[in-house]
Amino acid sequence: MDALPVLSQVKSLVQFISGDSEGAKETQENFSRQLPVVPQLRSLVECIKGDNDAARSTQESCGEFLLGALDGMPVIGHVKGGIHYALGQQDRGDQSMKAASRTVGVLGGGVGGFLVGGPLGAAVGGVSGGAAVDCLATGIHSATRREFTPSGQIAAWARVHQLAVSKDAPKAKIPALVFEAAVGITMDALSGYFAGESVRAFQAKAASGKVTSTAPVDGEMGSPPDFAAGANSVKPEPTYAGEPIPNEAWVEPGTELYRAFVSPAAATATATAANHVMGLIPLSAAALITAEWVAQKDSLISTGAF
């Protein structure tokens with residue numbers, strides 16, 4: 001979140017108000033080191049001052065952020081996680097796998113929620129999908145490591161709880177953690193909503209077709225036929241996407257024409273898109289389980305768990 005404009009500044013404000021001045025400063029330091037373009041300007045200033053080490057550190061921080069952004073991309077993040085595991089980078093592999101799988105859960109939940117409850121259902125589905133993946137990842141890692149290992153939103157709220165119950169923990173850090181967790185839920189809802197809107201757009205595109213008539217009335221393409229003109233009048237034969245439109249599909253004269261039913265092509269296209277997204281969910285779960293088994297198999301076998 002520290003690299004996101006506006007949100008980063010709001011987080012710093014929350015930290016400053018709550019008494020965490022050092023945290024507010026650190027957030028803005030991260031912002032100037034991670035958001036593309038800003039780190040390049042900062043590095044330039046540092047080079048002019050002769051601090052080449054600081055300039056190099058700034059660019060390395062930016063590169064780490066950009067690589068981390070790939071983690072949240074389905075398939076790409078999974079492949080990246082596999083590479084980290086192959087190189088023996090367990091923590092970075094876990095991070096990539098969980099981030100990519102979580103995105104699949106959020107988008108899949110958004111698509112499923114949209115098909116059930118429209119835009120509101122898509123937002124709720126996005127939050128629910130992300131929470132489901134968090135629960136799955138938490139359960140897998142906790143079971144294999146024999147200790148509570150939270151993931152995603154569960155980890156965010158666990159940190160809040162840990163600081164709240166600890167006597168020696170700096171309580172000033174709690175508001176910023178709550179803010180981050182709340183923003184995370186909001187982002188899940190927005191991602192689910194936009195996933196649902198993408199399905200709506202895909203559905204509309206698949207159902208799109210130009211309403212035509214073999215005999216336009218009043219010289220205007222798409223005007224409703226004058227069925228009251230008499231049996232001897234020439235009646236147009238309107239079509240939509242190559243299919244005849246029944247008489248009851250016409251609306252009042254002078255208004256735009258709509259189909260009175262959903263196009264079969266749109267329904268098929270929507271189902272295909274939903275199946276593609278939903279199909280990634282079990283694949284993501286399998287990737288998480290397989291990666292954790294490969295990483296922990298020696299420990300599990302030696303302890304007699306398997």
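This report concerns the structure included in the present document. From a predicted model like this one, the values you see are computed outputs, not experimental measurements.

Right, let's talk about helix α2 (residues 21-34) for a bit. When the terminal C-alpha atoms of α2 are compared, their 20 Å separation across 14 residues agrees well with the 20 Å that a helix rising 1.5 Å per residue should span. Of the residues making up α2, those classed as buried are Gly 23, Ala 24, Thr 27, Asn 30, Phe 31, Ser 32, Arg 33 and Gln 34. Buried positions along α2 lie against α1 (7-17), α3 (38-48) and α4 (52-71).

Locating Lys 173 in the fold gives a position in the loop between α7 (152-165) and α8 (174-207). The exposure class of Lys 173 is partly exposed, given its relative accessible area of 34%. In the structure, Lys 173 is positioned 10 residues away from Leu 163 in sequence and 8.1 Å away in space, judged by C-alpha atoms. Leave out the neighbours within four places in its chain, and Lys 173 touches Asp 20 and Leu 163. Of note is the side chain of Lys 173, whose polar atom sits 3.5 Å from the side chain of Asp 20.

Before going further, it helps to spend a moment on a nonpolar patch on the surface. Judged by side-chain polarity, Val 75, Val 79, Ile 83 and Leu 87 come together as a nonpolar surface patch covering roughly 390 Å² of accessible area. Looking at the secondary structure, you find Val 75 in the loop between α4 and α5 (76-86).

For the coordinates displayed, the defined rule picks out 13 salt bridges. A salt bridge links Glu 180 to Lys 11, with the shortest nitrogen-to-oxygen separation between them at 2.4 Å. Of the two residues, Glu 180 sits in helix α8 while Lys 11 sits in helix α1, which places them 169 residues apart along the sequence. Note that Arg 42 is salt-bridged to Glu 29, the shortest N-O span being 3.0 Å. Highlighted residues: Arg 42 in helix α3 and Glu 29 in helix α2, separated in sequence by 13 residues. When its relative accessible area of 31% is taken as the criterion, Glu 29 is described as partly exposed. One connected set of salt bridges, linked through shared partners, spans Glu 29, Arg 33, Arg 42 and Glu 46.

About the thresholds
Residues numbered from 1 in each chain as written. Predicted model: local features only at pLDDT ≥ 70, side-chain atom pairs only at ≥ 80, totals over all residues. Heavy atoms only, no water. Helix = DSSP H or I, 4+ residues; strand = E, 2+ residues; numbered from the N terminus. Expected span 1.5 Å × (residues − 1). Buried < 20%, exposed > 50% of the residue type's maximum accessible area, 1.4 Å probe, protein only. Contact = heavy atoms within 4.5 Å. Polar contact = N/O pair within 3.5 Å; in protein donor to acceptor, adjacent residues only side chain to side chain. Patch = residues over 30% accessible without salt bridge, like charges linked within 9 Å, V, L, I, M, F, W, Y side chains within 5 Å. Areas by Shrake-Rupley, 256 points an atom, 1.4 Å probe, with all protein chains shown as cover. Salt bridge = Lys/Arg side-chain N within 4 Å of Asp/Glu carboxyl O.

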